Amino acid sequence: MKILVGVKRVIDYNVQVRVRPDETDVDLSNTKMAMNPFCEIAVEEAVRLKEQGIASEIVVVSVGPKVVQEQLRLAMALGADRAIQVETEDAVDSLAVAEVFAELVAQEQPGLVLLGKQSIDSDNNQTGQMLAGMAGLGQATFASAINFKEGCIQVTREVDGGLQTLELTLPAVVTTDLRLNEPRHARLPDIMKSKKKPIDVRPLGDFNVTAQNYLKVLKVQAPAQRQAGEMVASVAELVDKLKNQAGVIA
Amino acid sequence: MSVLVVAEHLGGVLQSGTARVVAAALQMGDGVDVLVAGHNVSEVAEQAASLAGVRAVVVVDQPNLASQLAESVCEVVLTLVDSYSHLLAAASTFGKNLLPRVAGIKRLPQLSDVIEVISADTFKRPIYAGGAIATVQNTAPLKIITVRTSAFGAVGQAAAAAYSGVSVDVNNSLTSLVSETQADAAGPELGSARVVVSGGRGMGSKENFALIESLAGRLNAAVGASRAAVDAGYAANDLQVGQTGKIVAPELYVAVGISGAIQHLAGMKESRVIVAINQDEDAPIFKIADYGLKMDLFEALPQLESALS
Ligand SMILES: Cc1cc2nc3c(=O)[nH]c(=O)nc-3n(C[C@H](O)[C@H](O)[C@H](O)COP(=O)(O)OP(=O)(O)OC[C@H]3O[C@@H](n4cnc5c(N)ncnc54)[C@H](O)[C@@H]3O)c2cc1C
Ligand SMILES: Nc1ncnc2c1ncn2[C@@H]1O[C@H](COP(=O)(O)O)[C@@H](O)[C@H]1O
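The structure displayed is predicted, hence computed values, not measured ones.

Calculation rules
- Residues numbered from 1 in each chain as written.
- Chains lettered and ligands numbered in written order.
- Predicted model: local features only at pLDDT ≥ 70, side-chain atom pairs only at ≥ 80, totals over all residues.
- Heavy atoms only, no water.
- Pairing = 2+ DSSP bridges.
- Helix = DSSP H or I, 4+ residues; strand = E, 2+ residues; numbered from the N terminus.
- Axes fitted to C-alpha atoms, helices over the stretch in contact; angles between N-to-C directions.
- Contact = heavy atoms within 4.5 Å.
- Buried area = accessible area lost by both parts, 1.4 Å probe.
- Salt bridge = Lys/Arg side-chain N within 4 Å of Asp/Glu carboxyl O.
- Polar contact = N/O pair within 3.5 Å; in protein donor to acceptor, adjacent residues only side chain to side chain.
- Nonpolar A, V, L, I, M, F, W, Y, C, P; charged D, E, K, R; others polar.
- Near = heavy atom within 4 Å.
- Buried < 20%, exposed > 50% of the residue type's maximum accessible area, 1.4 Å probe, protein only.
- Parallel < 35°, antiparallel > 145°, perpendicular 65-115°, else oblique.
- Left-handed = near helix turned anticlockwise from the far one by under 90°.
- Patch = residues over 30% accessible without salt bridge, like charges linked within 9 Å, V, L, I, M, F, W, Y side chains within 5 Å.
- Areas by Shrake-Rupley, 256 points an atom, 1.4 Å probe, with all protein chains shown as cover.

## A word on the sheet that holds strand β14 (residues 215–221) of chain A
Judged by pairing direction, the sheet is antiparallel, and its four strands sit side by side in the order β14(A)-β10(B)-β9(B)-β8(B) without closing on themselves. A strand with exactly one partner marks an edge of an open sheet, and here the two such strands are β14 of chain A together with β8 (116–119) of chain B. Taken over all neighbouring pairs, the strand axes of this sheet differ in orientation by 30° on average, direction set aside. Taken together, the three bridges between β8(B) and strand β9 (residues 122–127) of chain B define a ladder with antiparallel strand orientation. Across the sheet, the residue bridging to Glu116(B) is Lys124(B), located in β9(B).

Written out as structure tokens, the structure is:
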């Protein structure tokens with residue numbers, strides 16, 4: 001079985017983003033970039049499925065400018081077999097990415113598509129569900145466990161009320177949550193070897209992205225800053241302030 | 001302008017977030033209808049009909065919607081949504097799972113986690129874990145939006161709106177429900193509690209995490225946790241507060257043994273009063289706390305409990 005994995009390049013999760021003074025966007029110049037953490041989890045899961053003999057080939061895909069090849073190389077160092085870069089200099093939203101993936105699903109015929117549940121830059125949490133809808137596939141979002149059965153998979157999902165397990169016919173779309181696995185680090189020899197693995201670069205124009213762009217970002221602002229409060233010296237002082245100053249406890 | 005709100009319900013009870021989504025919906029248009037899809041949902045429909053401002057409730061009550069799978073509910077939404085200008089749901093795991101599927105099929109964009117309505121087509125939403133706030137205009141013929149419920153007050157009760165039953169052909173054969181484990185719901189619900197007490201890695205063990213539960217009980221508070229506490233197995237996954245967990249904005253948030261990573265702050269920094277208890281005076285949580293107590297939590301928590309009893 002072939003697995004298609006989505007890999008997005010985003011700001012490193014440790015970095016606090018800056019807003020441009022003209023409020024048109026965030027400023028990512030000289031910012032440390034990395035693979036979206038949920039995509040790391042998706043790559044790791046695919047690699048584990050290959051190690052278990054369930055997957056036969058892992059194809060990683062990123063939609064973006066040339067620099068996304070860094071993240072595709074990393075995914076191949078971690079165990080992916082080949083990569084597709086869908087090249088565009090323009091910002092693409094989740095809907096366009098989902099359309100690209102829908103076309104790739106038709107071309108590559110994977111048994112499973114693994115995406116992150118959320119990009120930590122846009123915080124959209126949309127692409128997997130949009131793709132599943134477009135491609136007419138079942139979806140299991142926020143996965144914390146995946147088990148293969150005969151011709152189907154069972155996926156445990158982290159939902160607001162607790163946990164839910166679904167059974168899905170294959171092919172299907174699964175999006176990863178934090179507790180699905182703990183991603184490994186790439187080893188130096190594997191990083192060297194990944195340089196020989198192929199990246200197929202294809203312009204976005206080769207894809208039939210039909211969705212009109214209805215969204216326009218008018219402004220990007222820094223959030224209201226919270227004032228740091230005061231340090232209290234004891235539990236008694238804390239309780240007194242909460243009762244008599246903040247009025248939040250009786 | 002007319003708005004379809006997808007109601008969220010569990011075990012025959014309307015979830016509190018729906019009243020907040022209706023509040024957001026009323027800022028976008030005045031014809032606000034609520035869809036209740038599920039099985040044995042007549043009481044949910046009644047609860048939805050009594051939300052102030054609701055024009056009508058559409059009830060789709062059939063056995064093949066019992067597990068409310070996204071694929072099935074999506075089919076229902078698709079049969080109804082064309083006569084509306086807006087489609088809304090809470091930015092809960094239910095809404096986040098369902099609405100983008102509809103958006104994908106309609107080839108329309110979605111705005112996730114809207115926190116403010118500027119006008120019927122312009123909205124604010126946080127990006128980068130709340131590190132920036134984007135103002136976005138959406139000119140799509142159908143605006144698909146998930147609402148961050150903590151950013152909107154709930155509508156009150158009013159005389160019951162009309163409701164109509166509809167039946168829809170649902171053909172989902174892609175997915176089925178195998179099992180569900182509900183976390184035990186002691187105390188108020190995390191998303192709407194007036195007080196939240198959260199524990200982090202500093203709690204050290206699942207046994208020690210009981211100190212958080214006990215303090216929460218004393219304050220009639222909901223229990224929350226950092227990702228580190230959930231990953232370590234001290235607390236259940238549905239208690240995680242943060243960028244990728246639940247977003248809360250209670251009157252009082254007490255963070256115990258939590259350092260204050262941006263991903264955690266993203267889930268609680270809109271709380272009215274924040275208290276931090278941490279033994280490290282350099283912990284970033286103190287930069288946003290209204291009241292900081294630098295102390296070993298194993299000393300502070302028992303003292304706090306006895307001071308409150
Ligand atoms: C993609 C991604 C998504 C994430 N999403 C979330 C999210 O939604 N929510 C979330 O919370 N995190 C999230 N995180 C993780 C986040 O980055 C931090 O790792 C996490 O919040 C740390 O949890 P913590 O504060 O409990 O642990 P730590 O950072 O280890 O802090 C523990 C604190 O406890 C204090 N302490 C220890 N012992 C005591 C004691 N005896 N008395 C008093 N204080 C003590 C320490 O001084 C320290 O400040 C995410 C990370 C990533 C990469
Ligand atoms: N530009 C992209 N290239 C590749 N995969 C992407 C891209 N954008 C989103 N994805 C995938 O979709 C997931 C969810 O993203 P989002 O819906 O944008 O929050 C990510 O974790 C990726 O797996």
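## So, the interface of chain A and chain B
Taken together, the contact pairs 77 residues of chain A with 86 residues of chain B. Where chain A abuts chain B, roughly 6800 Å² becomes buried across the two surfaces, and 55% of that area is made up of carbon and sulfur atoms. Counting every contact that joins chain A to chain B gives three salt bridges. For Asp290(B), the salt bridge is made with Arg226(A), and the minimal N-O distance between the two is 2.8 Å. At the boundary of chain A with chain B, the tally comes to 47 residue pairs in polar contact (both at pLDDT 80 or more). Classifying every residue of the side of chain A that touches chain B gives 38 nonpolar, 24 polar and 15 charged. Summarising the sheet, strand β11 (residues 162–169) of chain A and strand β13 (residues 175–182) of chain B pair through seven bridges and their orientation is antiparallel. Counterpart to Glu167(A) in the pairing with β13(B) is Ser176(B).

## A short note on the site of ligand 2
Residues and elements named next belong to chain A. Surrounding ligand 2, one finds 20 residues, the nearest of these being Val63, Ser119, Asn125, Gln126 and Thr127. Take Ser94: an N or O atom from its side chain is 3.0 Å from an oxygen atom of ligand 2. A distance of 2.8 Å is found between an oxygen atom of ligand 2 and a backbone nitrogen or oxygen belonging to Gln126. At the level of elements, β6 (57–64), α3 (94–108) and β8 (112–116) are the ones that each hand at least two residues to the shell around ligand 2. Looking at the shell around ligand 2, its residues break down into seven nonpolar, twelve polar and one charged.

## Notes on the pattern of salt bridges
Residues and elements named next belong to chain A. Scanning all chains against the criterion turns up 26 salt bridges over all chains. When the shortest N-O distance is used, the salt bridge between Lys2 and Glu108 registers 2.6 Å. Of the two residues, Lys2 is situated in strand β1 (residues 2–6) and Glu108 in helix α3; the sequence distance between them amounts to 106 residues. Overall, the relative accessible area of 18% leaves Lys2 in the buried class. The buried category is assigned to Glu108, whose relative accessible area is 13%. The closest approach of N and O atoms between Asp190 and Lys193, which form a salt bridge, is 3.7 Å.

## Thoughts on the packing of helix α5 (residues 206–218) of chain B against helix α8 (residues 297–308) of chain B
Residue and element names in this part refer to chain B. Axis separation between α5 and α8 bottoms out at 10 Å; the angle between their running directions is 25°. Relative to α8, the element α5 is oriented roughly parallel. Crossing of α5 over α8 shows left-handed handedness. Contact with α5, carried on its side by Asn208, Leu211, Ile212, Ser214, Leu215 and Arg218, involves Phe298, Leu301, Leu304, Glu305 and Leu308 of α8 and no other residues of that element. Classifying every residue of the contact of α5 with α8 gives seven nonpolar, two polar and two charged.

## A word on a nonpolar patch on the surface
Residue and element names in this part refer to chain A. Among the surface-exposed residues, Leu188, Ile191 and Met192 lie close enough to one another that they form a single nonpolar patch of about 290 Å² accessible area. Turning to its location among the elements, Met192 is positioned in helix α5 (residues 188–194). According to the relative accessible area criterion, Met192 is partly exposed, its value standing at 48%.

## Details of the environment of Asn172(B)
Residue and element names in this part refer to chain B. Following the sequence through the fold, Asn172 ends up in the loop between β12 (162–165) and β13. For Asn172, a relative accessible area of 17% gives the class buried. In this structure the C-alpha to C-alpha distance between Asn172 and Ala235, which are 63 residues apart in sequence, comes to 34 Å. Those residues in contact with Asn172 that lie beyond four places of it in its chain are Leu69, Glu71, Ser72 and Glu75. At 3.1 Å, the side chain of Asn172 and the side chain of Ser72 are in polar contact. Side-chain polar atoms of Asn172 contact the backbone nitrogen of Leu174, separated by 2.8 Å.

Treat this as a map of the structure, not an account of what it does.
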